Each structure stands twice: as structure tokens, then as C-alpha cells.
Amino acid sequence: MARARGAPATNTLRVPTDAPTSLRTRRGELTLPVFVPDATRAVVRGVPTDRLSDAHVSALLVSTAHLATQPGASVVGALGGVHRFMGWSGPMISDSGGFQAFSLLSSQQGLAEVTDAGLTYRFSPKQKYRQLTPQSCIQTQLRLGADIVYCLDYCTSPSAPAEEQRRSVELTLRWAAECREAFDRLVADRPVEDRPLLFAVVQGGPDEELRARCAEALVDIGFDGYGFGGYPIADGRLVDEVRLVGELLPAGTPLHGLGIGTPENLIESWQAGYGIFDCTLPTRNARRGVLYTRLDVDAIGSGRPYRIARLNDERWVREKGPIDPDCDCPMCTTLPGGAVAHLFRIEDALAGTLASMHNLRFYTRLTEALHRLGAEA
């Protein structure tokens, strides 16, 4: 049964009526929708792990390719797995490494190669090449100790020629089947409650037929959830394929909007049935002094339901009140806006930490609001 787009609600908001509202993992249940900060190298940049709870963060995402390169999956495994390594007890998602390989391919510096067997990559010419095959991809993620692991996929640019898009789908499907087999074999001796979830990625570029073929074949193999593969954004707007993939997959299936994104893109993807989101944008903007403020729940679905505060603007120098009076993050509940602006002006590291926690809390407040809207629909 194809996923319905959702029923009309207040304003122009379309609340998904058949999307899952929670996801059970071996390290706890996630309330959906959920925003998952990128802890690419086993750290959310500038934020101590024990402070993430102040932003109501419930799950993290790490990079398989980066951690396999440095410090190495064997090192992380020897130190107790990625949870012990970074002091995190909640659910952890690991990506497949496919998008990182695509980024290296796009650099045109000979840093990555795609073969029928898998992906070969290195992050700089000074490093040795590493290979990700379907089996090694799963083995690495299990060694890291992730709670949601991803099948290896071949990511392409939307502008790639049709032949490359077809090869992307062919290899993604072949590798997904091999990942499924490797995963089942490697976790066979574990109790069911101690097994991670296995997600696959739907590729196909802008070609609707390829997307449909990929989605249908992945569903036939059978996975616990699915991610949108490729670039979800073009010129700041959500591409049509994001909604298409949401419609192609069965109702009630957990969907991950990989790399999504701005609050507007997140809201639109949620309306298309997606429940998991990750992006570096909130923390990257925070380090630059760009903060999301004044979330207006009543305006969700009609325009931009928030404001942007740029702390390099002169208006913040003498601000006596909090940057966002509606926010309950440590920055907004303890410091006047002028003090935070001062921290940015003297380039103190605390500025980026407080701002990152604020932006993460904005995103968790947004997903909490969407969850409530879904429950009320």
C-alpha cells in the first residue's frame, strides 16, 4: 500500500496520518519526528556530549567512512564502541559512507572510485585508500556499535547522465541484498532485542521510474526503514523526488530524510511522511552566530514560522533580554543577548557551544511541536 501524503490541517499544513510516531531501538524508543545532530567524527562540534540532553537531543548520527579512517573502527571497538567512545547512551545511527564517497568523487581529485565490488576512498592524497564493500560496510558499523546501520549505496548528482543513474540503482540494489545477507549472518547469534536496525537507501536521481524500481526492489528485500538517497535540496527547495519516495514506500515505514535540512525543508518532508532528519546546518550556523528564534507553532505550514538572529548585528550589543524569550536552552535562560554577542566578538569558544545548544534546542522544539500536531490530527 502506497503512503498517503496526509490530511489537511490548519493553515496549509498537511499532517501525515499514516507515518510512524515512534521507532523502537535497542537503546530506547525514539519519538518521531526526531532531529538527529551529526556527530560525524564521534563529536557534535563544540558541544560536550553530556550537555546534549540540555537541548533535548535523543539520538546522534556518526560517519562510518570518517571513523573507519580515524581513529579506525578497530580502535573505537576496542574502546567499548562508539557510545562509550563519546560518552553517549542513547540511540546512534551510522551512515553507509556512500555520501562521503560521492563528495570525494565530486572533488575531481582522484580521491574515490566506484567499482562493482564497492567504494574506494581516501580523504586526502596523503592517506592510503580504503575500501567499503557491502560486507565490510556492515562489519564496520557493527564494530562501531550503532543502533541503526545503513546498507552501502551509490550516491549520484541529480545532473548525472541517465546511464550513471541506472548504474547507481543497479549497484545500490545489489549491495543492499549483499548487506542484508551479511547483516543477518553477523547478528544471527544475538538476541533479537540486542540487534540493531537495518536501513536501506533509495537512489534513482530525478528519474521517477528508477526511484520506483529502487524502492520496490528494496521493499521486496525487506528492511527496517529507508533513507532518501541523493541531493534532497535544489536552490534551497525540496526536490520533488523526496515526496515521490515518501509515496512509493509502504505506509507506516520509518523514513529518514538524510541531509534535511532547514526548518522549512524539515516541515515539508515531515508532511511527506519522513520522521528522521539530520543535518550539520544548525551547529554550523550557530558557530557563525546565526541563530533560529521565535518559533511560532501556529504558523507552521504557512511561510517561515521563525526568525533569524545574527549576533554580529549591532542591535544585540546592548540587548538586556534573552536572544529568544520562548526558548528554554541554557543560553536563553541564563544570559542576556548582549553577553552572548560579546562572546562572539571576542571569539570565545563558549559562544559556539551555547549557540549550538540553542539551535539544536530550536530543532528539537520544532520536532516536538510537529509530533503534537500529528497526535492532534
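Engineer: When you look at a positive patch on the surface in this model, what are you seeing that I'm missing?
Structural biologist: Positive charge collects at one region of the surface, where Arg41, Arg45, Arg287 and Arg288 lie side by side. Within the secondary structure, Arg45 is located in the loop between β5 (34-37) and β6 (60-62). Take Arg45: its relative accessible area is 54%, and that puts it in the exposed class.

Engineer: What am I meant to see in the sheet that holds strand β8 (residues 112-115) here?
Structural biologist: Two modes of strand pairing occur in sheets, parallel and antiparallel, and in both the strands are linked by backbone hydrogen bonds. The sheet built from 3 strands is open, its strands ordered β8-β9-β10 with antiparallel pairing. Sheet topology places β8 and β10 (130-132) at the edges, where each strand pairs with a single neighbour. Taking the axes of each pair of neighbouring strands and ignoring which way they run, one obtains an average angle of 20° across the sheet. Pairing of strand β9 (residues 118-121) with β10, which is carried by 3 bridges, proceeds in the antiparallel orientation. By the bridge assignment for β10, Leu119 is matched with Leu132.

Engineer: What should I look at first to understand the pairing of β8 in this one?
Structural biologist: Looking along a regular strand, one sees side chains alternate from face to face of the sheet. The alternating pattern of β8 places Ala112 and Val114 on a buried face, while none of Glu113 and Thr115, on the opposite face, is buried. Sheet topology places β8 next to β9; 4 bridges connect them, and they run antiparallel. Counterpart to Val114 in the pairing with β9 is Leu119. What sits between β8 and β9 in their antiparallel hairpin is a turn of 2 residues.

Engineer: Help me understand the packing of helix α5 (residues 134-144) against helix α6 (residues 162-186), please; the structure alone is not making it clear to me.
Structural biologist: The relative placement of two packed helices is expressed as an angle between their axes plus a distance between the axes. α6 packs onto α5 with a crossing angle of 45° between their chain directions and a minimal axis gap of 8 Å. Relative to α6, the element α5 lies oblique. Like other packed secondary-structure pairs, α5 and α6 cross with a definite hand, here right-handed. Between α5, through Pro134, Gln135, Ile138, Gln139 and Leu142, and α6, the contact on the second element is made entirely by Trp175, Glu178, Cys179, Ala182, Phe183, Arg185 and Leu186.

Engineer: Hey, could you run me through the pairing of strand β12 (residues 197-202) in this one?
Structural biologist: Of all 6 residues in β12, 6 are buried; the element is thus mostly enclosed. Alternating residues of β12 divide into Leu197, Phe199 and Val201 and Leu198, Ala200 and Val202, and every residue in both groups is buried. When strand β11 (residues 148-150) meets β12, the two strands line up parallel, connected through 3 bridges. Among the inter-strand pairings, Val149 is bridged to a residue of β12, identified as Leu198. Taken together, β11, α6 and β12 constitute a β-α-β crossover, and its handedness is right-handed. Pairing between β12 and strand β13 (residues 225-228): 4 bridges, direction parallel. Across the sheet, the residue bridging to Phe199 is Gly225, located in β13. Between the parallel pair β12 and β13, the chain is carried across by helix α7 (residues 208-221), and the sense of this crossover is right-handed.

What counts, and at which threshold
Residues numbered from 1 in each chain as written. Predicted model: local features only at pLDDT ≥ 70, side-chain atom pairs only at ≥ 80, totals over all residues. Heavy atoms only, no water. Patch = residues over 30% accessible without salt bridge, like charges linked within 9 Å, V, L, I, M, F, W, Y side chains within 5 Å. Areas by Shrake-Rupley, 256 points an atom, 1.4 Å probe, with all protein chains shown as cover. Salt bridge = Lys/Arg side-chain N within 4 Å of Asp/Glu carboxyl O. Lys, Arg positive; Asp, Glu negative; His and termini not counted. Charge placed at Lys NZ, Arg CZ, Asp CG, Glu CD. Helix = DSSP H or I, 4+ residues; strand = E, 2+ residues; numbered from the N terminus. Buried < 20%, exposed > 50% of the residue type's maximum accessible area, 1.4 Å probe, protein only. Pairing = 2+ DSSP bridges. Axes fitted to C-alpha atoms, helices over the stretch in contact; angles between N-to-C directions. Parallel < 35°, antiparallel > 145°, perpendicular 65-115°, else oblique. Left-handed = near helix turned anticlockwise from the far one by under 90°. Contact = heavy atoms within 4.5 Å. Right-handed = clockwise from strand over helix to strand, strands pointing away.

Function cannot be inferred from these measures alone, as they are strictly geometric.
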